[in-house]
Amino acid sequence: MNRRQFLGKLAALGLAASLAGACAPQAATPTAQGEPTVAFEWPLYIPDPREIERVEEGLKTLRIYDRTGEHLLAELASPLGHSTYVSLDRIPEYLRQAVIVMEDRTFYTNNGVDWAAVGRAFLSNLQGEGLQGGSTITMQLVKNVLIPPEERYQLSYSRKMKEATLAMEVTRLYPGREGKDRILEWYLNTCFYGQHSYGVEAASQTYFGKHVWEISLAEAAMLTLLPQSPGLDPISNFEAAKARQKLVLSALANTGYITPEEAEAAWQEEIVIRSQQEPGIRAIAPHFVLYVRDLLQRDYGEDMYRLGMRVYTTLDVEIQSLAQRVVAEKIAEYGVPNNASNGAAVVIRPERGEIVAMVGSADYYNEEIDGQVNMALAPRQMGSSFKPYTYLAAFEEGYTARDTILDTPVAYRDELGRIYSPTNIDKAYHGRVTLRQALACSYNVPAVKLLDAIGVDKALNMARRLGITTLPDGYYGLSLTLGTKEIPLLDHTFAYSVFANHGFAVGQPVPEHVRTPGGREVEPAAILRIEDYRGKVIREYRPKVQPVVNPAYAYVLTHVLSDPEARRPAFGASARYLVLDDRPVATKTGSTDQNREALCMGYTPQYVVGTWIGNADRRPMNRLLGSTGAGPIYHEIMKGLHEGLPVVEFRRPSNVLELELCTQSGLLAGKGCPQRVTEVFAEGTQPTERCNLPGHARPGGPGPTAELPAEYEPPEQRILVLSYPQAGAVLSGVVPMIGTATGRDLWYHKVEYSLDGENWTTTELDYMKTNQVVDGTLALWDTTQMQNGAYWLKATYVDITGNYVATEPIQVTVEN
């Protein structure tokens, strides 16, 4: 029979009662007359006292770090409590002294049980003065650690006997001053101090926001009696905590540990109590920390606390600080004055699929803007930033960036018989445009027509393949392409990382237990490595690469989104927020109805950035669009990210062809084609015929348009003339617009038509002409697409600052 079995036998025979003395009865049962009587239950099992050595293992805190491990982002407790183990030498001597004075003055000399205190408690109980315990520090430690939770708070003599027996055995196992110090260390690390805090380090952090070795005598005195009455903590009841602090200071002075003057000074010291907040979260990246916590909860459940995880995340503190600063500054600068109180940003490194920054709001701690709502995860409408999914699906179906589509009024009838008639944000129509122009200028009508042509399912499937998780099965109308369905900014940014990765999704494999049929197989990575409390690596990030779309189609899309000239006519001065001065960048904006949301999304080969501006409660903003609202945030973050980095071009896949085309026929350019344009094509979608129109002769004109000599020097003064057609002309077919547009400050020129002389549309799909023209073709007008009737015509010259001049409008008649 071993010693533990022998102690159990003693307890079973009732002999352990002599060890516990007349301990406080811990349970009472009513007699027939209603008088309580003490319940005696003799223990048959005594836990192994050596289990107390596992105290440190049992105290687990989840720690979350940045990618370097140099910055602790959070120290989170399980729902059962927050705890961090510290050695005795890091606990101030005055706190240790205070605990011994108030809890167990004979601690260093008793054998685990204070017999005098037990006797006083027994007499008090017999005299009906209330139940008292007389427990020593060692007995309390035994109760906290060795007594099973279901038995720990039972009111019974048997529990007290067990505590006393174990306390003496623990004292025997850990003898002398060194053993007592270990017992005190274990005790101070296991006591419950209220507010979900276990141990003096957790309590110091919870109440004072500092380490236990940093607290003052006054703060130590306020912590001392909390294990006896954790409900009287300084957050819930500061006055009660202050009164108990005075009791401790007085006891320390009376026993000579401190002087009366030191006690008075500590009493007068101002105590600053930390405000209540999510326990243990630092201010560096609170939304990201909670996101990581939820991922761990999803993947590990409560084991994330039991294992004492040390989680090294993908977060880059410098990039996070940049993004957080820019969002906060821009919201204050122009957001708030325009009724936009909030912003969000996500930054991903595409080649590894890692989230390096997540800003969920302009200010996490600002309740007025619902700052604790993570707008990087909250599904919102994405506006026109959804359009690339439609265009990419169209490229898969064989469409090219050079194909044309009519930007003209159209109406559809949905399943319920309702009429849907999309309009462009500028309330104008732009005639026949290429898909490049339509996407770059973010025209709504062509996007809707394109979706109608390829089918809603094609775009829906593309979005899901790219990683969008909030598009369940159901009915989707043609407005889908305009971003009317709600998507989290994080998902949206991750989908754009597929564009940056040439059609491949790179990230963390989605766990089987959360994967949905047809859903994404990889997700953005937030965790690099996880270690348990012993330092053993239990998980390490290895990127999974998942092909999503042919790299050729992804490159064509990138080529369009990174074409500043193609978008310039629609965006004007705000286009400067969508580019970088020193390198190519692909950018797409998004705005929603009634100005409720504005986004700007984009990427280089090195970074993907998604930005949002608006209000958490969906209040409309005032005149802020994707380019003017989210654009400045996006631009500032992009600029900061790439400062000092080498310029990396978008790599063109081998199955992408770059060809020169005739702007009039759309075929491969021939020798006689006066106006040419370069376009990229996924192999197999390019035109194969060569244009053979001889000189593109114009009716009634002076013959073929001659190219200007290479040494031609534009005049300093701008010249703009529309010489053909003339006022009153009757036109049909494809009509060349003849004239002159030349000058040293020329940006581009165009010819426009109008039915009412107010709303103007360009005459040609390639309407942004940057070439100098002297008595030549300014544009081609395909009147076969026009209704017969009267039209106004004018030529427009735009200089490099964006200012423009126009000829006097003339009226002509179309009659086909």
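About the criteria used
Residues numbered from 1 in each chain as written. Predicted model: local features only at pLDDT ≥ 70, side-chain atom pairs only at ≥ 80, totals over all residues. Heavy atoms only, no water. Core = buried A, V, L, I, M, F, W, Y, C linked by side-chain atoms within 4.5 Å. Buried < 20%, exposed > 50% of the residue type's maximum accessible area, 1.4 Å probe, protein only. Contact = heavy atoms within 4.5 Å. Axes fitted to C-alpha atoms, helices over the stretch in contact; angles between N-to-C directions. Helix = DSSP H or I, 4+ residues; strand = E, 2+ residues; numbered from the N terminus. Parallel < 35°, antiparallel > 145°, perpendicular 65-115°, else oblique. Left-handed = near helix turned anticlockwise from the far one by under 90°. Nonpolar A, V, L, I, M, F, W, Y, C, P; charged D, E, K, R; others polar. Pairing = 2+ DSSP bridges. pLDDT = per-residue confidence, 0-100. Salt bridge = Lys/Arg side-chain N within 4 Å of Asp/Glu carboxyl O. Phe/Tyr/Trp six-rings, centres within 6.5 Å; stacked < 30°, edge-to-face > 60°. Lys NZ or Arg CZ within 6 Å of the ring centre and 35° of its normal. Polar contact = N/O pair within 3.5 Å; in protein donor to acceptor, adjacent residues only side chain to side chain. Expected span 1.5 Å × (residues − 1).

**Description of the nonpolar core**
Membership of the largest hydrophobic core comes to 98 residues, with the highest contact counts inside it found for Leu62, Ile64, Phe288, Leu296, Val311, Tyr389 and Tyr603. With near-sequence residues (within four places) excluded, Val311 lies in contact with Leu62, Arg63, Ile64, Tyr65, Val292, Leu296, Ile527, Arg529 and Ile530.

**Overview of the packing of helix α6 (residues 137–145) against helix α9 (residues 176–190)**
A pair of packed helices is characterised by two quantities: the angle between their axes and the separation of those axes. Where α6 contacts α9, the axes come no closer than 9 Å and their chain directions differ by 50°. When the axes of α6 and α9 are compared, the pair comes out oblique. The element α6 and its partner α9 pack so that their crossing is left-handed. From α6, Ile137, Thr138, Gln140, Leu141, Asn144 and Val145 reach across to α9, where they touch Lys180, Ile183, Leu184, Trp186, Tyr187 and Thr190. Grouping the constituent residues of the contact of α6 with α9 by class yields seven nonpolar, four polar and one charged.

**Re the sheet that holds strand β28 (residues 734–742)**
Ordered by their spatial adjacency, three strands build an open sheet running β26-β28-β31, and the pairing between neighbours is antiparallel. Because the sheet does not close on itself, it has two edges, and the strands there are β26 (719–724) and β31 (773–782). Averaged over neighbouring strand pairs, the angle between their axes works out to 30° when direction is ignored. Here β28 pairs with β31 via seven bridges, running antiparallel. The residue of β31 that forms the bridge with Ile738 is Thr777.

**What to know about the pairing of strand β18 (residues 527–531)**
Here is the key point about a regular strand: its side chains alternate between the two faces of the sheet. Burial analysis of β18 places four of its five residues in the buried class, the great majority of the element. As paired strands, strand β7 (residues 310–313) and β18 are joined by four bridges and run antiparallel to one another. Pairing of Tyr312 across the sheet is with Arg529, part of β18. Note: β18 against strand β19 (residues 537–540), three bridges, orientation antiparallel. Across the sheet, residue Ile530 finds its bridge partner in β19, namely Arg539.

**A short note on the confidence of the model for the chain**
Within the chain, residue pLDDT values average 85, and 86% of them lie at 70 or more. Counted against residues more than four places away or in other chains, residues 9–44, with its pLDDT under 50, gives 76 contacts.

**Details of the pattern of salt bridges**
Scanning the model with the defined rule gives 35 salt bridges in all. One salt bridge in this structure joins Arg618 and Glu486, with 2.9 Å as the shortest N-O distance. Highlighted residues: Arg618 in the loop between β23 (608–614) and α24 (626–642) and Glu486 in strand β15 (residues 486–487), separated in sequence by 132 residues. Given a relative accessible area of 30%, Glu486 falls into the partly exposed group. A salt bridge links Asp491 to Arg520; the nearest nitrogen and oxygen atoms lie 3.2 Å apart. Residue Asp491 is found in helix α21 (residues 489–500), and its partner Arg520 is found in the loop between β16 (504–509) and β17 (522–523); the two are separated by 29 residues along the sequence. Judged by relative accessible area, Asp491 falls into the buried class, the value being 5%. Connected through shared salt-bridge partners, Arg298, Asp299, Glu523 and Arg539 make up one network.

**Digging into the packing of aromatic side chains**
Within the structure shown, the criterion is met by 17 aromatic pairs. When the centroid spacing of 5.0 Å and the interplanar angle of 55° are considered together, the rings of Tyr496 and Phe499 count as tilted. You can see Tyr496 and its partner Phe499 sitting in helix α21, three residues apart, about one turn around the helix. Among the residues examined, Phe499 registers a relative accessible area of 2% and is labelled buried. Judged by centre distance (5.7 Å) and plane angle (80°), the ring pair of Trp781 and Tyr791 falls under edge-to-face. Taken together, the residues Trp781 in strand β31 and Tyr791 in strand β32 (residues 789–799) connect sequence positions 10 residues apart. For the pair Trp781 and Tyr791, one class covers both residues: buried. These aromatic residues form a ring-pair network of at least three members: Phe386, Tyr389, Tyr496, Phe499, Tyr603 and Phe650. Sitting above the plane of the Trp213 ring, Arg90 keeps its charged end 3.6 Å from the centroid. The lysine or arginine in question, Arg177, covers the ring of Tyr108, its NZ or CZ lying 3.8 Å from the ring centre.

**Quick notes on the side chain of Ser562**
Here Ser562 shows up in the loop between α22 (551–561) and α23 (564–571). Among the polar contacts listed, one links the side chain of Ser562 to the backbone oxygen of His559, at a separation of 3.4 Å.

**Some remarks on the sheet that holds β17**
Spatial strand order, β17-β16-β20: three strands in an open sheet with antiparallel pairing. Here the strands that pair on one side only, and so sit at the sheet edges, are β17 and β20 (544–547). The sheet contact formed by β16 and β20 spans four bridges and is antiparallel. Note on β20: the bridge partner recorded for Gly507 is Lys544.

**Observations concerning the environment of Glu764**
Residue position: Glu764 is located in the loop between β30 (761–762) and β31. Residue classification places Glu764 among the buried positions, given a relative accessible area of 6%. In the structure, Glu764 is positioned 330 residues away from Thr434 in sequence and 9.9 Å away in space, judged by C-alpha atoms. Apart from residues lying up to four places away in sequence, Glu764 is in contact with Arg432, Thr663, Lys769, Ala779 and Leu780.

**Description of α21**
Here α21 spans 17 Å end to end across 12 residues, near enough to the 16 Å set by a 1.5 Å rise per residue. Within α21, 12 of the 12 residues are buried, which leaves it mostly tucked inside the rest of the structure. Every buried residue belonging to α21 is among Leu489, Leu490, Asp491, His492, Thr493, Phe494, Ala495, Tyr496, Ser497, Val498, Phe499 and Ala500, and all of these are buried. A positive backbone phi angle near 60° is found at His502, which sits one or two residues after α21.

**Considering α22**
For α22, the buried fraction is high: nine of the 11 residues fall into the buried class. By the burial criterion, the buried members of α22 are Ala552, Tyr553, Ala554, Tyr555, Val556, Leu557, Thr558, Val560 and Leu561. The backbone nitrogen of Ala552 lies 2.8 Å from a side-chain oxygen of the residue at the head of α22, namely Asn550.

**Quick word on unusual backbone geometry**
Put simply, Tyr724 and Pro725 share a cis peptide bond, and its omega is 0°. Looking at the secondary structure, you find Pro725 in the loop between β26 and β27 (730–731). Of note in the backbone geometry, Asn339 takes a positive phi value of approximately 60° without being a glycine. With respect to the secondary-structure elements, Asn339 resides in the loop between α16 (317–335) and β8 (342–349). The residue Arg623 is not glycine, and still its phi comes out positive at about 65°. Tracing the backbone through its elements, the reader meets Arg623 in the loop between β23 and α24.

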